[in-house]
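# Residue-level structural notes
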Amino acid sequence: MPIKLAVHGAAGRMGQRVVACAAADQGFQIVAAHESVDHPQLGQDAGTIAGAGELGLQLSAVTDSDAEVVIDFSVPNASITIVEHCVKQGTPLVIATTGFSDQQINTIHQAAETIPVVFAPSMSPAVNLVMKLTEIAGGALKDLPTGVDVEIIERHHRFKEDAPSGTALKFGEIVANAMDKPDVTHGREGRPGQRSAGEIGYHAVRTGDNPGEHTIIFGMLGETIELNVAASNRDCYAQGALMAAKWVLNKPAGLYGMAEVLGF
Ligand SMILES: NC(=O)C1=CN([C@@H]2O[C@H](COP(=O)(O)OP(=O)(O)OC[C@H]3O[C@@H](n4cnc5c(N)ncnc54)[C@H](O)[C@@H]3O)[C@@H](O)[C@H]2O)C=CC1
Ligand SMILES: O=C(O)C1=N[C@H](C(=O)O)C[C@H](O)C1
């Protein structure tokens with residue numbers, strides 16, 4: 001039997017790709033496509049909006065459904081609403097939204113005591129593999145006597161609202177833990193003085209329709225390593241979210257990441 005799926009944020013850039021990829025996957029039946037109560041396309045067919053052909057499923061505000069799992073690509077406040085809804089319904093949840101406050105992250109952690117939740121700033125298999133490579137590189141270079149400077153450059157489309165990206169922040173967390181670098185700097189201007197050894201530099205580039213690129217630079221004296229991972233379209237995230245939805249279905253309550261989904 002196909003898995004009954006609800007998509008939250010279904011008319012957004014990512015929601016549309018999740019709808020289209022799930023519609024093409026016999027392992028899923030989309031039973032709900034949720035959007036904001038004031039979305040202008042409410043009532044229209046979710047498949048048509050996604051360019052995937054008519055599905056006979058209207059875009060609707062959040063309501064009870066027989067969904068077995070929910071995928072969320074929306075905005076932080078709306079994600080928290082769907083988290084609370086899933087807790088009430090006992091429905092497993094995949095949260096892909098980024099840009100949460102600490103308080104909102106606490107709410108997600110609490111929800112995961114009741115339902116299984118996959119929560120990851122990038123659903124892309126390639127990005128999650130580069131996270132592992134970053135951890136290995138950071139651990140190996142940690143004690144290099146001449147020092148290693150780490151800077152993280154992320155590039156995204158002009159419509160992105162949060163910065164640095166959730167993925168860049170996760171890369172930074174991995175580097176901070178592996179290399180004991182507790183400080184952060186966001187861009188530089190004026191005369192900030194010489195770089196300190198304990199800082200991680202973040203740079204957020206916003207141009208055109210870039211679906212997401214991350215570069216982690218390990219800069220040494222005399223040589224440089226760059227780990228780069230770039231999406232050519234959004235389906236790496238959509239397909240990753242569908243993998244997470246299949247994986248989380250029968251898991252016990254808990255908070256999971258994509259490394260667990262992918263077995264990395
Ligand atoms: N984890 C991952 O792999 C990825 C995460 N993202 C994140 O996903 C989020 C969405 O990204 P995009 O699709 O590019 O943004 P978008 O702005 O195109 O889509 C967000 C959608 O959420 C909807 N929304 C707003 N309020 C809502 C509510 N109360 N209930 C239901 N829906 C509501 C909006 O109407 C919009 O259609 C962002 O936080 C982004 O950073 C994006 C790509 C990959
Ligand atoms: O907003 C996006 O587009 C993306 N957001 C995620 C993030 O903030 O890390 C993941 C991906 O890079 C695309």
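Residues numbered from 1 in each chain as written. Chains lettered and ligands numbered in written order. Predicted model: local features only at pLDDT ≥ 70, side-chain atom pairs only at ≥ 80, totals over all residues. Heavy atoms only, no water.

### Some remarks on unusual backbone geometry
Of the consecutive residues Ala 163 and Pro 164, the connecting peptide bond is found in the cis state with omega at -10 degrees. With respect to the helices and strands, Pro 164 occurs in the loop between β7 (149-156) and α6 (166-179). Although it is not a glycine, Asp 180 adopts a positive phi angle of roughly 55 degrees. The exposure class assigned to Asp 180 is exposed, which follows from its relative accessible area of 57%. (Helix = DSSP H or I, 4+ residues; strand = E, 2+ residues; numbered from the N terminus. Buried < 20%, exposed > 50% of the residue type's maximum accessible area, 1.4 Å probe, protein only.)

### With respect to the site of ligand 2
What surrounds ligand 2 is the set Thr 98, Pro 121, His 156, His 157, Lys 160, Asp 162, Ser 165, Gly 166, Thr 167, Pro 211, His 214 and Tyr 237. Residue His 156 places a side-chain N or O atom 2.6 Å away from an oxygen atom belonging to ligand 2. In the model, an oxygen atom of ligand 2 is placed 2.8 Å from a nitrogen or oxygen of the His 157 side chain. The pocket occupied by ligand 2, as judged from atoms lying within 2 Å of grid points, is the largest pocket. When the residues that make up the shell around ligand 2 are grouped by side-chain class, the tally is three nonpolar, seven polar and two charged. Three or more residues apiece are contributed to the shell around ligand 2 by two domains, here domain 1 (3-123 + 234-262) and domain 2 (125-230). (Near = heavy atom within 4 Å. Polar contact = N/O pair within 3.5 Å; in protein donor to acceptor, adjacent residues only side chain to side chain. 1 Å grid on protein atoms, 1.4 Å probe; cavity = no way out; pocket = protein on both sides within 12 Å on 5 of 7 lines; lining within 4 Å. Sits in = over half its atoms within 2 Å of the grid points. Nonpolar A, V, L, I, M, F, W, Y, C, P; charged D, E, K, R; others polar. Domains from an automatic or database assignment.)

### With respect to the UniProt feature "domain: Dihydrodipicolinate reductase N-terminal" (unreviewed entry) in the protein
Per the UniProt entry, the sites bearing "domain: Dihydrodipicolinate reductase N-terminal" (unreviewed entry) are residues 3-123 in this numbering. In this annotation, residues 3-123 is assigned 32% helix and 21% strand; the end-to-end C-alpha distance for the span is 19 Å. (UniProt positions renumbered as here; feature names shortened; annotations may be inferred.)

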